[in-house]
Amino acid sequence: MLYYSGPVARLVDEFTKLPGIGPKTAQRLAFYVLNAPPELAQGLAKALVEVRHSIKRCTICCNLTDEDPCSICRDTSRNSKILCVVEEPRDVIAMEKARGYKGHYHVLHGAISPMEGISPEDLTIKELLKRIKSTEIEEVILAANSDIEGETTALYLARILKPLGVKVTRIAHGIPVGSDLEYADAMTLIKALEGRGEFG
Ligand code: ZN
């Protein structure tokens, strides 16, 4: 193992904290930054700080946004009586790209996973319940992924949402079992949405 001087070692160390980046890649990135024109490092540093300052959670749907409420929550042409519950902000992007959905969203920021110690309290379920109780919602579409965590989350949500008198549906299994929403192609997503069934 080579020894790097303090700042280089710190940069390598910071890169390894990112998902999917091992020590080798971290070193390669660090040396790339070192050898590139100074503007690259400045631009990167500025973008990193800015993204943390300007991006927050929408107080209505919990999606990430630079404006609160977000552009989807503000869009009056959308059907505010239908809520599509997804795990991650990237799932909203996948659904929007498919262009077949004109309701609103609620972003959970994860899925229930006893293995990883993620419980319902770690997700935005409290916000979801408050929203359903305080606004007129007719249908909640559970679009959590079709892996174990996603199914567990959908079951949990169906159980607590049904007593509120709201229609609860689950997207059809056009989505391959065990796969993430974000990797489904647009057509599959639209079909899954159209073929959704009432839960339980
Ligand atoms: Zn929003």
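Definitions and cut-offs
- Residues numbered from 1 in each chain as written.
- Predicted model: local features only at pLDDT ≥ 70, side-chain atom pairs only at ≥ 80, totals over all residues.
- Heavy atoms only, no water.
- Helix = DSSP H or I, 4+ residues; strand = E, 2+ residues; numbered from the N terminus.
- Buried < 20%, exposed > 50% of the residue type's maximum accessible area, 1.4 Å probe, protein only.
- Polar contact = N/O pair within 3.5 Å; in protein donor to acceptor, adjacent residues only side chain to side chain.
- Contact = heavy atoms within 4.5 Å.
- Pairing = 2+ DSSP bridges.
- Domains from an automatic or database assignment.
- Core = buried A, V, L, I, M, F, W, Y, C linked by side-chain atoms within 4.5 Å.

Participant: Requested: an account of the side chain of Thr-65, with residues and values cited.
Facilitator: You can see Thr-65 is positioned in strand S2 (residues 64–65). Residue Thr-65 is classed as buried on the basis of its relative accessible area, which comes to 7%. For Thr-65, the side chain forms a polar contact with the main-chain oxygen of Glu-67, separated by 2.5 Å. Ignoring any residue separated from it by four or fewer positions in sequence, one finds Thr-65 in contact with Ser-54, Ile-55, Lys-56, Arg-57, Cys-58 and Cys-70.

Participant: Describe the sheet that holds strand S6 (residues 167–170), naming the residues involved and giving the relevant values.
Facilitator: Across a sheet, paired strands are connected by hydrogen bonds in the backbone, their directions being either parallel or antiparallel. If you walk across this open sheet you meet the 5 strands as S4-S3-S5-S6-S7, and the pairing is mixed. Among the strands making up the open sheet, the edge pair consists of strand S4 (103–107) and strand S7 (197–198). By the bridge criterion, 4 bridges tie strand S5 (residues 139–142) to S6 in an arrangement that is parallel. Bridge pairing in S6 links Glu-139 to Lys-167.

Participant: Tell me what's going on with the environment of Ala-98, and back it up with residues and numbers.
Facilitator: In this fold, Ala-98 is placed in helix H5 (residues 89–98). Contact partners of Ala-98, with chain neighbours within four places excluded, come to Ala-186, Leu-189 and Ile-190.

Participant: Any chance you could break down the domain arrangement of the protein for me, citing the residues and the numbers?
Facilitator: Buried accessible area, meaning the area lost when the parts come together, often serves as the stated size of an interface. Domain boundaries assigned for the protein yield domain 1 (6–54) and domain 2 (78–194). A C-alpha centroid distance of 34 Å is found between domain 1 and domain 2.

Participant: Describe in detail the nonpolar core, supporting the description with residues and values.
Facilitator: Residues Cys-84, Met-95, Tyr-101 and Tyr-105 are the most contacted members of the largest nonpolar core, which totals 22 residues. Grouped together as the second largest cluster of nonpolar side chains are 18 residues, Val-85, Leu-123, Leu-128 and Val-140 included.

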